[in-house]
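A look at the structure
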Amino acid sequence: MKKIILITTAWLTVSACQEEGELTHDKVIAPIEASSVLVYTGDFSPTSGINVSGQAKIYLEGTKYRVQLEGFSVSSGPDLKVYLSKSASPSEFVNLGNLTSATIYDIPQSVNPMDYSHILIHCQQYNHLFAIAPLTSN
Amino acid sequence: MKKILLCVLLFSMNSTIQAQGCSDAGICSAGNSFQTQEHEHKNGLEFGSILGAGEADVRYFSPYLTYSYQFNSQFAMSVKVTYSQASGEFGQRGQFGDAYLIGNYHFKTEKPKKWSLLVGGKFPFTRSNLKINGYSLPLDYQASLGTFDLITGLNLNYKRWDFNTGLQLPVYNLNRNSYFKEYSGTDDFPSTNLFERKPDALFRTTYTYQTQNKKWTFKPNVLLIYHLGEDSYETIFGKRENIDGSDGLTLNGNLIGIYHFNKKNSIELSIATPFVVREVRPDGLTRSFTAGLIYKTAF
């Protein structure tokens with residue numbers, strides 16, 4: 001019986017892993033088109049204990065707004081999100097999704113970026129703000 | 001016996017129903033906790049492995065281990081640890097799910113009626129935010145719903161019949177799921193970002209038939225689960241919204257067949273499928289069919 005429990009535990013530990021599927025492969029995200037218009041820019045600054053560098057830029061591409069993080073790096077966190085926010089704290093915001101290596105995020109069509117003033121990097125799982133980029137109009 | 005075979009056939013015919021079955025080992029298995037091992041053995045060990053099929057072709061493998069200890073003829077406790085692995089379009093993700101601590105008290109009552117009470121808790125091992133390659137996953141792929149739950153139940157045993165009632169009440173929510181349908185590339189699963197779930201109430205009726213040589217036991221049972229309110233999630237705008245149609249009734253049919261090797265060891269096959277389901281099941285409790293193989297030993 002001990003052997004069964006040991007083998008089972010070992011097997012479960014080993015199999016506590018992940019395997020990518022059709023919806024979780026790295027997606028090919030279209031780059032910002034050369035004809036896009038840069039409308040807002042912001043430099044990231046960190047909160048206490050965090051390292052960050054880079055810029056957030058919002059482009060108008062046809063009728064669609066897109067956010068690009070340029071030269072961006074940040075301290076690692078467990079559940080980092082990119083927020084388009086109305087202030088320097090995450091109280092009124094649009095969650096643009098998980099922070100990934102993609103670095104380009106589409107802003108939903110129903111959202112007017114003019115109503116927002118910051119790009120934030122926020123850890124949702126532990127409700128901890130990592131970085132703030134105040135946006136200025138170009 | 002013919003009736004039992006007919007039941008098996010009917011279950012098999014209905015196995016393609018797309019509906020909700022039991023997923024984690026929470027309230028769905030509460031009825032089993034009323035049944036303790038023979039009193040001459042204080043310790044019981046149960047190893048189960050359940051295969052399931054859910055919505056959007058998600059397949060589940062959910063083993064568990066239960067240890068129970070009989071303190072006296074009236075009181076027993078059990079500890080259970082679950083694991084769940086889900087496979088589908090998002091890939092494959094496995095993790096330990098929850099631990100259960102359940103106490104079971106049998107009242108001293110006159111035969112043929114026997115009453116017992118069950119009180120316990122569910123303790124999650126995850127915050128329901130497991131990811132694959134950095135992509136957030138719906139609750140269907142999460143090993144736990146990420147809540148501390150209080151589980152209570154009452155059982156009446158009358159001759160060959162068991163009647164269980166139960167309540168699974170989330171008392172503390174650790175769920176930090178971050179799945180948005182908008183960003184996932186599929187409409188198969190609803191958004192469950194920062195999911196909050198409502199309690200479930202259970203009613204189960206079980207009929208027990210044992211062959212004359214006591215080698216085989218069959219337990220057809222019907223399980224009703226009522227989800228007591230609509231679950232909610234936080235939208236991409238940070239606003240909490242109820243999920244329409246996530247409350248209501250689920251009706252499951254379950255057939256258990258047990259072969260007793262001797263007084264100490266038995267093996268059990270359990271198959272289940274739902275007949276009535278909720279309109280929306282954001283919690284991922286979408287099993288359309290489950291089959292479990294369980295080995296029990298007492299010592």
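Refer to the preceding data block for the structure.
Residues numbered from 1 in each chain as written. Chains lettered and ligands numbered in written order. Predicted model: local features only at pLDDT ≥ 70, side-chain atom pairs only at ≥ 80, totals over all residues. Heavy atoms only, no water.

Our focus in this paragraph is the nonpolar core. With 28 residues, the main nonpolar core has A:Phe44, A:Ile58, A:Leu84 and A:Ile119 as its most contacted residues. Those elements giving two or more residues to this core turn out to be β2 (37-43), β4 (52-61), β5 (64-74), β6 (80-85), β7 (93-98), β9 (118-123) and β10 (128-134) of chain A. Each residue touching A:Phe44, except ones within four places of it in the same chain, is listed here: A:Val52, A:Gly54, A:Gln55, A:Ala56, A:Leu69, A:Phe72, A:Ile119, A:Ile121, A:Ala131, A:Ile132 and A:Ala133. With 10 residues, the next largest nonpolar core counts A:Leu23, B:Tyr60, B:Phe90 and B:Ile132 among its residues. (Core = buried A, V, L, I, M, F, W, Y, C linked by side-chain atoms within 4.5 Å. Buried < 20%, exposed > 50% of the residue type's maximum accessible area, 1.4 Å probe, protein only. Helix = DSSP H or I, 4+ residues; strand = E, 2+ residues; numbered from the N terminus. Contact = heavy atoms within 4.5 Å.)

The next point concerns the interface of chain B and chain A. Each side of the interface is counted separately: chain B has 39 residues, and chain A has 34 residues. When chain B packs against chain A, the two sides together hide about 3000 Å² of surface, and 54% of this comes from carbon and sulfur. Across the chain B-chain A interface, the total number found is 1 salt bridge. Across the pair A:Asp79 and B:Lys131 runs a salt bridge, and its minimum N-O distance is 2.7 Å. Taken together, chain B and chain A are joined by 21 residue pairs in polar contact (both at pLDDT 80 or more). Secondary-structure elements contributing two or more residues to the side of chain B that touches chain A are β1 (43-53), β2 (59-70), β3 (75-88), β4 (91-106), β6 (131-132), β7 (135-136) and β17 (289-298) of chain B. If you tally residues by element for the side of chain B that touches chain A, the top one is β4(B), at 6 residues. Pairing between strand β1 (residues 18-20) of chain A and β4(B): 3 bridges, direction antiparallel. Residue pairing in the sheet places A:Glu19 in a bridge with B:Gln92 of β4(B). (Buried area = accessible area lost by both parts, 1.4 Å probe. Salt bridge = Lys/Arg side-chain N within 4 Å of Asp/Glu carboxyl O. Polar contact = N/O pair within 3.5 Å; in protein donor to acceptor, adjacent residues only side chain to side chain. Pairing = 2+ DSSP bridges.)

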